Each structure stands twice: as C-alpha cells, then as structure tokens.
Amino acid sequence: MSTLDLINNTILFVKQKLENAEGGHDWFHIERVYKNALLIADGEVCDLMVVKLGALLHDIADSKFHAGDETIGPKIAREFLSSNAVDEVTIQHVIKIIENISFKGGNTQKLFSSIELDIVQDADRLDAIGAIGIARTFNYGGFKNRTLYNPEIAPNLKMSKEEYKNNEAPTINHFYEKLLLLKDKMNTKTGKQIAQERHLFMEKFLSQFYAEWEGVK
C-alpha cells in the first residue's frame, strides 16, 4: 500500500469513527491537529509518517467519552493499522503517542519521549488554546451542562490525574487548570511561537469576560 493510500484510508476511517462525536473532539478537531502537526514537523527532523498517523489517530477514542478507559483508543488504532499492513515499529510508535499525548492534569510523569510525540502533542495543545481553544472549552462545558463561571469556586491547580478526569468545575476554571498552562509546556520552537500568540488572545478574552461579568466599562 502506498503512503498516500494509507493516509487516505486513515482519514476515511477517522471520519467514520468520529461521525457523531462531541463538537470539540470531532473530525474537524483531528483535521486542525493534523494541519498543525504538518506545520510544526516542517521545522523538525522526524518520521513524517508517524507524525501523520499519530495526529490522525490521537483522539480515535478519547477516554473522557468512554468512562475514562484509556485502553480503547490504542486498541482501535492498533487494529486499524494492522489491517492496513503497517509495520510493527510504526504501530508501536503511534500507540505510544496516543497513550502519552494527553494533558491529564499536568501532574503525570512522562514515560515516553520522541520528537514525533513532541510534534503531535504541540499540535493538539495548540488546538486547545487561542480562539478555537476558547470555543472548544465552552462547547464542552455546555455538553457537560457546566456553569460558565462561579466566583465562589476557585480553580484547583493541584489536581491528581483522577481529580482532573472527574472535575466538574465551572468552564472558566478550565482556563487556569489547563489552557493557560499550555504555553510553557510546548515542546518545539514552532509550537512555542504559535502558543505565545494564542495565549495572549486568551488573556484578553478573560479580561473582557470579567469586565462584562462585573458590569464595568
């Protein structure tokens, strides 16, 4: 199978699997991460095939929509890649990306490292910040029927992995518990540059949000 055929097959597979996904974790999220990954990879020495497959399959079964089960995504990805005759080394690398890409509260020890993971992780994190990151955050908050903001509920910056997964705090808290932390967690030069601009946009949004909340000019 040619490289082009494999990527096209993967795109069709992901579109089908995520047809009814929540709006912030649907095919369009995958497509944006894929584009981000290609942009970042252009400035790095890497295995581009692993980057492409990792970006396309990284959210094939997000654990937050499967009762917290983190094994489903890697299993689905392995079955798909094996059925398309992808070599075992590539499969293992893509699986490691899927298993290690998630933020998980920021208190989880990193057990695997590669430039390909760095690229896909940066690409995914870029889609969590800036204008689209804001839109996705409130979309998910609405999906979970969370309040927009409650001044009496402070953000929790020291959550364990389990606390982070089960967190039901107001949507605005998520900016402090994750989004505003991502700028300093980027791996690549390109990722850091883009994140800086998107971070500033979020800070401006929050300033406007609080001004409107308090009814001030």
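In this report, the structure presented in the accompanying data block is examined. Quick caveat: nothing in here was measured; it's all calculated off a predicted structure.

The full count for this structure, using the stated rule, is four salt bridges. With a closest N to O distance of 2.7 Å, R32 and D127 form a salt bridge. One end of the pair, R32, is in helix 2 (residues 27-41); the other, D127, is in the loop between helix 6 (115-126) and helix 7 (130-143), with 95 residues separating them in the sequence. With relative accessibility at 1%, the residue D127 sits in the buried group. Note that R78 and E88 form a salt bridge whose closest N and O atoms lie 3.0 Å from each other. On the criterion of sequence distance, the pair formed by R78 in helix 4 (residues 72-83) and E88 in helix 5 (residues 88-100) is long-range, its members being ten residues apart. Ionic contacts of the salt-bridge type, sharing partners, join the residues R32, D127 and R136 into one network.

The next subject is helix 7. Residue pairs spaced three or four apart in an α-helix point in one direction, given the helix's 3.6 residues per turn. Compared with the 20 Å implied by 1.5 Å per residue over 14 residues, the 20 Å span of helix 7 between its first and last C-alpha is a close match. If you check which residues of helix 7 are buried, you get G130, G133, I134, R136, T137, Y140 and G141. The arc that holds every buried residue of helix 7, seen down its axis, measures 165°, which confines them to one face. At its buried positions, helix 7 is contacted by helix 2, helix 9 (171-177) and helix 10 (189-214).

On to the packing of aromatic side chains, then. Scanning the entire structure with this criterion turns up eleven aromatic pairs. Both rings, one in F13 and one in F80, keep their centres 4.3 Å apart while their planes meet at 15°; by these two values the pair is stacked. On the criterion of sequence distance, the pair formed by F13 in helix 1 (residues 3-17) and F80 in helix 4 is long-range, its members being 67 residues apart. F80 carries the same exposure label as F13, and that label is buried. An angle of 85° between the planes, with centres 5.8 Å apart, marks the rings of F209 and Y210 as edge-to-face. Among the residues examined, F209 registers a relative accessible area of 14% and is labelled buried.

Rules and cut-offs
The residue count restarts for each chain, going from 1 along the sequence in the order it is written. Side-chain atom pairs in this predicted model are given and counted only at pLDDT of 80 or more, local residue features only at pLDDT of at least 70, and totals for whole chains, interfaces and linings cover all residues. Excluding hydrogens and water, the side-chain figures rest on all heavy atoms present in the structure. In what follows, salt bridge is the name for a side-chain nitrogen of Lys or Arg lying within 4 Å of a carboxyl oxygen of Asp or Glu. Only DSSP runs of H or I reaching four residues or more are called helices, and only runs of E reaching two or more are called strands; each is numbered from the N terminus. Only protein chains enter the accessibility calculation, which uses a 1.4 Å probe. A residue is then buried if its area is under 20% of the maximum for its type, exposed if over 50%, and partly exposed in between. A helix is expected to span 1.5 Å for every residue after the first. As used here, the arc is the angular range of directions from the helix axis to the C-beta atoms. Throughout, a contact is declared for two residues whenever any of their heavy atoms are within 4.5 Å. Only Phe, Tyr and Trp rings take part, Trp by its six-membered ring, and two of them pair if their centres are within 6.5 Å. Stacked means planes under 30 degrees apart, edge-to-face means over 60, and tilted covers everything else.

Limitation: the analysis is restricted to geometry and does not speak to function.
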